[in-house]
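A closer look at the structure
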Amino acid sequence: MRSPWFSKLSLIFGLRLPHSWLLLCVICVLALIAILGSTSSTFDSVTNTPVPDIYSNYRRLKEQAAVDYLELRTLSLGASRQKELGLCGKERENFVPCYNVSANLLAGFKDGEELDRHCEVSRPRQWCLVRPPKDYKIPLRWPAGRDVIWSGNVMLTKDQFLSSGSMTKRLMLLEENQIAFQSEDGLVFDGVKDYSRQIAEMIGLGSDSEFLQAGVRTVLDIGCGFGSFGAHLVSLKLMAVCIAAYQATGSQVQLALERGLPAIIGNFNSRKLPYPSLSFDMVHCAQCGINWDEKDGMLLIEVDRLLKPGGYFVLTSPMSKPHGSALNSKRRNIVTVMEALTEKICWNLLAQQEETFVWQKTVDVNCYKSRKQDTPPLCNDGHDASPYYQPLVACITGTTSKRWIPIQKMSLGFHLNSAELQVHEVQPEDFFEDLQVWGSALRNYWSLLTPLIFSDHPKRPGDEDPLPPYNMIRNVMDMNAHYGGLNAAFLEEKKSVWVMNVVPVWAHNTLPLILDRGFAGVLHDWCEPFPTYPRTYDMLHANGLLSHLSSERCRMMDLLLEMDRILRPEGWIVLSDKLGAIEMARALATQIHWEARVIDLQNGSDQRLLVCQKPFVRK
């Protein structure tokens, strides 16, 4: 028996409607309601304090109905399926934007400035995916990956490796397609442990295990070579960040990151590094190739800007080694110049042993007022407010900062006390709420990723059976770090990762607080490429970053392609944002071959999570 409403339809249309037609109409009406009732794609502003999220019901999104809804939503936004992006040419396998020396020379840069970062003269970005080298392999898991890397993953060739004159390179093991940085008995080559102990003794410590107690937690390692010194400092629970100039071949930064060590491209040449004043407890330079006596000492003044009160500058250089009377005399003159320069900026030469010098920056602000008139002047207040690749200056900064606190008096852990938080104008309630929020968020992130990371992994053709865990997560980047809460959560959970905490230039500058917690961090403009090589991070995280792009000069696709460039194959992306931003990112993720999943946080808000994995595209 037919229902009354079906009879009415028959009378209206004058025909007997097939049941299949009627069912199709009902489905179309429901789909239209879903589209019209969906949330607007307008991006809302980013909140500073994240809200605790619950991800317990995320598995329901595996259902096909949810997938169908998201496909309809993508169509309603006008982002219909577009052609997937192709691979870039082989010449871009190790390409780093903004470091094109030829283009910089054509633009008129000289006297070393052509080696600096110049995004303004870079070519328009090409929308393509940076391919891995032919012999690329997934890095070994930590800590094995610290000591053994695949030679095909870095630009350093075997011939370059073997032909190097340094003792470290000659003594490293080189077996077929691997480079090993430790001997079979686990001892670090080239006397790194003895060297570290020597530095500790020169600053008055019994051993390098006392660095932390002496206030040395963060070290900027300039020109870090193959990262042996940084790897040793990491084993002592110090945060050692390698910084080195861009190199077309044999990059120190690329090698350090491949080993799972913090590193970033940067030059001591004509511009400030993207760090605020008073950032590091120690700056280290071992044959780093910088002539510190040039440019009227401005490079040394930049080190002074970066050093915290009571911090140390360690310089190991062959400048005092005799190689003939004339050359020896020249090197003695350089030492004399260095002694004069360091005295002018209130550094005290603590000790000299053979080729190693250790200076300590004063903790007494009054020292600068009692200097002679021919010394570098003090900078005006606010001069260092925005150090994002600004030109170097010949004045002393940081002396009027509230952060002028000797390193020996700072907290040893990452939980800053109330007085230290007050210096950063942060309320203790907000700070500790941030800790709790990100502790909960990380546990939920890990519950999402663990089944994928540690689940059965299919054997790849031509590969040996992999050993668990199959996907190493060691290098993590938090692209909008706020207080560094995600970094703190990783430490609380005792995860063996390190985090590059990025503070966007448009956000409230919390980088001083992050650095005072003993974390790695940097300022960055996300409308520009990040200063690193391709395939150098295992996991990228961003909270609220996508929404901000609606008011910026850059496009979301540019950002996602940059993320794809710096992410390793089989690496992970975790994006937390508003529904509109997440759905647009999901639509774009399909164009760049990411496997993407949208997760409803089930907290009553329009906040969503997008979890993606970059595939390993083999040529």
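Everything numeric in this text was worked out from a predicted model, so none of it was measured. (Residues numbered from 1 in each chain as written. Predicted model: local features only at pLDDT ≥ 70, side-chain atom pairs only at ≥ 80, totals over all residues. Heavy atoms only, no water.)

Quick notes on helix α8 (residues 192–202)
Where α8 is concerned, the buried positions are V192, Y195, S196, Q198, I199, A200 and M202. Directly after α8, the chain includes G204, whose backbone phi takes a positive value near 95 degrees. (Buried < 20%, exposed > 50% of the residue type's maximum accessible area, 1.4 Å probe, protein only. Helix = DSSP H or I, 4+ residues; strand = E, 2+ residues; numbered from the N terminus.)

Quick word on the sheet that holds strand β9 (residues 347–353)
The sheet built from seven strands is open, its strands ordered β6-β5-β4-β7-β8-β10-β9 with mixed pairing. Among the strands making up the open sheet, the edge pair consists of β6 (263–265) and β9. Adjacent strand axes in the sheet meet at a mean angle of 20 degrees when their direction is disregarded. (Pairing = 2+ DSSP bridges. Axes fitted to C-alpha atoms, helices over the stretch in contact; angles between N-to-C directions.)

Observations concerning unusual backbone geometry
Residue P143 follows W142 across a cis peptide bond; omega there is 5 degrees. Checked against the element boundaries, P143 lands in the loop between α4 (101–106) and α5 (144–147). The residue C346 is not glycine, and still its phi comes out positive at about 65 degrees. Position of C346 among the secondary structure elements: in the loop between α12 (325–344) and β9.

Some remarks on the pairing of strand β8 (residues 307–316)
Within β8, ten of the ten residues are buried, leaving the element largely enclosed by the surrounding structure. Bridge analysis of strand β7 (residues 280–286) against β8 gives six bridges, and the strand direction is parallel. By the bridge assignment for β8, C285 is matched with L315. Pairing analysis gives five bridges linking β8 to strand β10 (residues 356–361), with the strands arranged antiparallel. Within β10, the position partnered with L315 by the bridge is F357.

Focus on the sheet that holds strand β11 (residues 475–478)
Across a sheet, strands are paired by hydrogen bonds formed along the backbone, either parallel or antiparallel in direction. If you walk across this open sheet you meet the seven strands as β13-β12-β11-β14-β15-β17-β16, and the pairing is mixed. One side of each edge strand has no neighbouring strand; the edge strands of this open sheet are β13 (520–524) and β16 (595–600). Averaged over all pairs of adjacent strands, the angle between strand axes in this sheet comes to 15 degrees, irrespective of strand direction. Here β11 runs beside strand β12 (residues 498–504); their pairing, made up of four bridges, is parallel.

Notes on the confidence of the model for the protein chain
Per-residue confidence for the protein chain gives a mean pLDDT of 81; residues scoring 70 or more make up 75%. Across residues 1–17, where pLDDT falls below 50, the model places ten contacts with residues more than four positions away in sequence or in other chains. This stretch, residues 183–189, has a pLDDT under 50; its non-local contacts, to residues over four places away or in other chains, come to eleven contacts. (pLDDT = per-residue confidence, 0-100. Contact = heavy atoms within 4.5 Å.)

Side note on the packing of helix α19 (residues 556–566) against helix α20 (residues 579–591)
Two numbers describe how α19 lies on α20: the axes approach to 10 Å, and their chain directions differ by 60 degrees. Here α19 lies oblique to α20, going by the angle between them. Pair α19 / α20 crosses with right-handed handedness. Listed contacts from α20 to M556, M557 and L560 of α19 are A581, M584, A585, L588 and Q591. Residues that form the contact of α19 with α20 fall into these classes: seven nonpolar, one polar and no charged. (Parallel < 35°, antiparallel > 145°, perpendicular 65-115°, else oblique. Left-handed = near helix turned anticlockwise from the far one by under 90°. Nonpolar A, V, L, I, M, F, W, Y, C, P; charged D, E, K, R; others polar.)

Considering the pattern of salt bridges
The full count for this structure, using the stated rule, is 19 salt bridges. Residue K361 pairs with D304 through a salt bridge whose shortest N-O separation is 3.9 Å. Here D304 lies in helix α11 (residues 298–306) and K361 lies in strand β10, a separation of 57 residues in the sequence. Each member of the pair, K361 as well as D304, carries the same accessibility label: buried. A salt bridge links E562 to R565, with the shortest nitrogen-to-oxygen separation between them at 2.8 Å. Within this pair, E562 and its partner R565 are both found in helix α19, separated by three residues, close to a single helical turn. Classification of E562 as buried rests on a relative accessible area of 6%. Judged by relative accessible area, which is 5%, R565 ranks as buried. (Salt bridge = Lys/Arg side-chain N within 4 Å of Asp/Glu carboxyl O.)

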